[in-house]
Every structure is written in structure tokens, then in C-alpha cells.
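Now for the letters of each chain:
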Amino acid sequence: MKVLVIEDEKLVAESIRAILEHKGFEVETVYDGEAGTEYAELGIYDLLILDVMMPKLNGFQVAQQVRANRCHTPILMLTARSDLEDRIRGLNAGADYYLTKPFAIEELLARMRVAFKHSEGSNIAKKTILQVQNLEIDTEKRMVTVDGKVVDLTKKEYELLTYLVQNKNIVLTREQI
């Protein structure tokens, strides 16, 4: 399972990353809301762990933007803001779960299990259309279109294009490609 941690406190983000990687998760971290939104909208993550108080865009704005752009990846807000009004605001913004800091790692893992369980049975939980400007990739049908016209690609070309779109705005090494 691939998790994106969007947290401006680098020590907290890296601690979460280390714990989750030790538990077998693939984890990426970003440190502001703007980058978090870009990464989240790639549609390659199984869960977003999102702080609220961040630079550029706060967690509420990130959740709203991600949902407005039809990204249905489960969102777990992990924040120090514990007031009832903040929790309601987070859920209304698009978060599926809300956990306050300080937290027990066991509770975080339990909420992640619930999020994964709920998303497995839902077709909308997995983004099947990847889009960059006028290029669309339907990963379910393995079909690529540009301006609505189907583009014939070899298997290798399709896989490379999909990989590049899933990792847009990320510098990839030759070995990764």
C-alpha cells in the first residue's frame, strides 16, 4: 500500500514515514499543502495522511481541492487541532478520518486498516482516469486518448507513459524509468 504523508513538521513526517515503512508500507512525504495537492492528484496513493496547519495551503484547503478534482483517495487528517468545530470542518472538507496529535501509533494503524478496508470495495476509491492537459489514460481499460482520439501504443509505451504521468512533477532517474 502506498501512503502520502503531507506534514510540514519534517521530524513528525519522517517519524511517521519510518514507522510505516517498518510496517511494510511504501511512503512518500511532502512538506506543504501545495506540493501535497499536486502529489495527491496523481492518483497513485492508497491513503493520504494530512496535517491541517501547513504553509501555502492548509489541510482543509488541500482536502477540498483534492475532492473538487475528483480524487477519491481516502484522507486521514492528523493534526493538533482537536476542537469539535475543527474536526467537523475537516470532515466536511473531504477527510474520511480525523485523528488528533498526540496519537498512539496503534490507533493510526487501526484507522489506516479501516480506510484500506473501506476503499477496497469501492470503485470510486481508485482513480482509473489519469489526466494531463488534453491527454487521458484510462487505467482500467488500458486506453490512451488525446483530445478524445484514441492513441495506439505498444505495451511498453503504455507502461512508460502511465508511469511518467503518475509521477508528473517528479524528477525520475534513468534506473527508475
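Residues numbered from 1 in each chain as written. Predicted model: local features only at pLDDT ≥ 70, side-chain atom pairs only at ≥ 80, totals over all residues. Heavy atoms only, no water.

Trainee: Describe in detail the nonpolar core, supporting the description with residues and values.
Mentor: In terms of nonpolar packing, the biggest core is built from 23 residues, with Leu4, Leu50, Ile75 and Met77 touching the most fellow members. For this core, the elements supplying multiple residues, two or more each, are strand 1 (2–6), helix 2 (33–40), strand 3 (47–50), helix 3 (59–68) and strand 4 (75–79). Counting residues per element, this core draws most heavily on helix 3, at four residues. For leucine 4, the residues in contact, after removing those within four places along its chain, are Glu28, Val30, Gly36, Tyr39, Ala40, Tyr45, Leu47, Leu48 and Ile49. Grouped together as the second largest cluster of nonpolar side chains are 18 residues, Ala13, Ile16, Leu78 and Leu109 included. (Core = buried A, V, L, I, M, F, W, Y, C linked by side-chain atoms within 4.5 Å. Buried < 20%, exposed > 50% of the residue type's maximum accessible area, 1.4 Å probe, protein only. Helix = DSSP H or I, 4+ residues; strand = E, 2+ residues; numbered from the N terminus. Contact = heavy atoms within 4.5 Å.)

Trainee: Lay out the packing of helix 3 against helix 4 (residues 84–93) with the relevant residues and their values.
Mentor: The geometry of helix 3 relative to helix 4 is characterised by a closest axis approach of 8 Å and an angle of 20 degrees between their N-to-C directions. It follows that helix 3 is roughly parallel to helix 4 by the angle criterion. Contacts from Phe60, Ala63, Gln64 and Arg67 in helix 3 reach Asp86, Arg89, Gly90 and Ala93 in helix 4. The class makeup of the residues in the contact of helix 3 with helix 4 is three nonpolar, two polar and three charged. (Axes fitted to C-alpha atoms, helices over the stretch in contact; angles between N-to-C directions. Parallel < 35°, antiparallel > 145°, perpendicular 65-115°, else oblique. Nonpolar A, V, L, I, M, F, W, Y, C, P; charged D, E, K, R; others polar.)

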